[in-house]
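# Residue-level structure breakdown
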Amino acid sequence: GAGVSQSPSNKVTEKGKDVELRCDPISGHTALYWYRQRLGQGLEFLIYFQGNSAPDKSGLPSDRFSAERTGESVSTLTIQRTQQEDSAVYLCASSLGRSDPLFFGPGTRLTVL
Amino acid sequence: RKEVEQDPGPFNVPEGATVAFNCTYSNSASQSFFWYRQDCRKEPKLLMSVYSSGNEDGRFTAQLNRASQYISLLIRDSKLSDSATYLCVVNMGFGNEKLTFGTGTRLTIIP
């Protein structure tokens, strides 16, 4: 079956521009996570959606970052007024439910010039 | 204390050797545990879940020690293809089922 997909796979933008990253989770998966991974670094948790519960936004690094999820489907991560330190791979993952293993998408590589 | 801690390594191990990693977690109420591997410039992939009774998948064995709050991963007869970063993942327990990743342990198998 189809796995988690993310688009675009690569995004190059200029400092100050807004970007929107998209994640299509595995169908039927109620949990969805966004992570950021800078080159050579570990995963940095950003936000967690679980069903209809309020999202856990505790990992968002600043108010320039926001994310939405429509029901139990597509999620978008928006970064406003991008900065060079936002350059990283943004990974999305979904799971069937609470505490089930996560399945990752291939990521979006963001480069801010 | 970090919620999930791993020795970052690097571990440089000769081919054919046995290598073991530990991962400690802070919340005694944690219920779900996993090991992932991440290859360079790739997304993490599930290696195995960790069950209370321990579990084995080929050359890989995962164990849980609730009393000391750690999980372990043992790789026997290591192969060059085992070179990767190994991430442990733990949920934070009842009322907070969010999965938390350790920072990973880098393993290099040397020919």
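Structure report, in brief. (Residues numbered from 1 in each chain as written. Chains lettered and ligands numbered in written order. Predicted model: local features only at pLDDT ≥ 70, side-chain atom pairs only at ≥ 80, totals over all residues. Heavy atoms only, no water.)

### Quick look at the overall build of chain A
Stated precisely, the cut-off is as follows: Here a strand is any run of E in DSSP of at least two residues, a helix any run of H or I of at least four, and the numbering for each starts at the N terminus. For this measure, only C-alpha atoms enter the radius of gyration; the expected value for a globule follows 2.2 Å times N^0.38, where N is the number of residues. Each residue gets one of three labels from its accessible area relative to the maximum for its type: buried under 20%, exposed over 50%, partly exposed in between, using a 1.4 Å probe on protein chains only.
Scanning chain A from terminus to terminus reveals zero helices and 10 strands. For chain A, the sequential pattern of α-helices and β-strands runs β-β-β-β-β-β-β-β-β-β. Taking 2.2 N^0.38 as the reference for a compact globule, 113 residues should give roughly 13 Å; the C-alpha atoms of chain A span a radius of gyration of 13 Å, in line with that estimate. Principal axes of the C-alpha set define a box for chain A whose edges measure 35 × 30 × 25 Å. Counting across all 113 residues of chain A, residues that qualify as buried make up 50%.

### Some words on the interface of chain A and chain B
Worth spelling out the cut-off: It only takes one pair of heavy atoms within 4.5 Å for two residues to be counted as in contact. Buried area is calculated as the accessible area (1.4 Å probe) missing from two parts once they are joined, with the contributions of both summed. For this document, the term salt bridge refers to a Lys or Arg side-chain nitrogen within 4 Å of an Asp or Glu carboxyl oxygen. What qualifies as a polar contact is a pair of N or O atoms within 3.5 Å, subject to a donor-acceptor requirement within protein and to the restriction that residues adjacent in sequence count only when both atoms come from side chains.
Listed as interface residues are 21 residues of chain A and, on the opposing side, 15 residues of chain B. Both sides together, the interface formed by chain A and chain B hides about 1,500 Å², and carbon and sulfur atoms give 58% of it. At the junction of chain A and chain B, the tally comes to one salt bridge. One salt bridge connects Lys98 of chain B with Asp56 of chain A, and the closest N-O pair in it is separated by 3.3 Å. In this structure, the connection of chain A to chain B is made through four residue pairs in polar contact (both at pLDDT 80 or more).

### Quick word on the state of the cysteines
Spelled out, the test is: Disulfides are defined in this document as cysteine sulfur pairs within 2.5 Å.
Applying the stated criterion across every chain yields a total of two disulfides over all chains. Through a disulfide, Cys23 of chain A is tied to Cys92 of chain A; the S-S separation comes to 1.9 Å. Classification of the bridge connecting Cys23 of chain A and Cys92 of chain A rests on its S-S torsion, roughly -65 degrees, and on that basis the disulfide is left-handed. Taken together, the positions of Cys23 of chain A in strand E3 (residues 19-24) and Cys92 of chain A in strand E8 (residues 88-95) put the pair 69 residues apart, joining distant regions of the chain. The disulfide that involves Cys23 of chain B links it to Cys88 of chain B, with 1.8 Å between the sulfurs. Here Cys23 of chain B and Cys88 of chain B share a disulfide; its torsion about the S-S bond, 55 degrees, makes the bridge right-handed. Of this pair, Cys23 of chain B sits in strand E3 (residues 19-25) while Cys88 of chain B sits in strand E9 (residues 84-91), and the two are 65 residues apart along the sequence. Each member of the pair, Cys23 of chain B as well as Cys88 of chain B, carries the same accessibility label: buried.

### Focus on the pairing of E9 of chain B
Both faces of the sheet carry side chains from a regular strand, because those side chains alternate between them. Residue and element names in this part refer to chain B. The line we're drawing: Criterion used throughout: strands pair if DSSP finds at least two bridges between them.
Among the eight residues of E9, eight are classified as buried, and the element is accordingly described as predominantly covered. Across the two faces of E9 the burial is the same, with Ala84, Tyr86, Cys88 and Val90 and Thr85, Leu87, Val89 and Asn91 all buried. Where strand E4 (residues 33-38) meets E9, six bridges bridge the pair, whose relative direction is antiparallel. Among the inter-strand pairings, Gln38 is bridged to a residue of E9, identified as Thr85.

### Quick look at the sheet that holds E3 of chain A
All names here are of chain A. In plain terms, the rule: Each axis is a line fitted through C-alpha atoms, and for a helix only the stretch in contact is used; angles between axes span 0 to 180 degrees, taken between their N-to-C directions.
With antiparallel pairing, four strands are arranged side by side in an open sheet as E1-E3-E7-E6. Each having just a single partner strand, strand E1 (5-7) and strand E6 (65-69) make up the two edges of the open sheet. Strand after strand, the sheet turns through a mean of 15 degrees between neighbouring axes, direction not considered. Sheet topology note: the E3/strand E7 (residues 75-79) ladder contains five bridges and is antiparallel. Bridging from a neighbouring strand, Leu21 pairs with Leu77 of E7.

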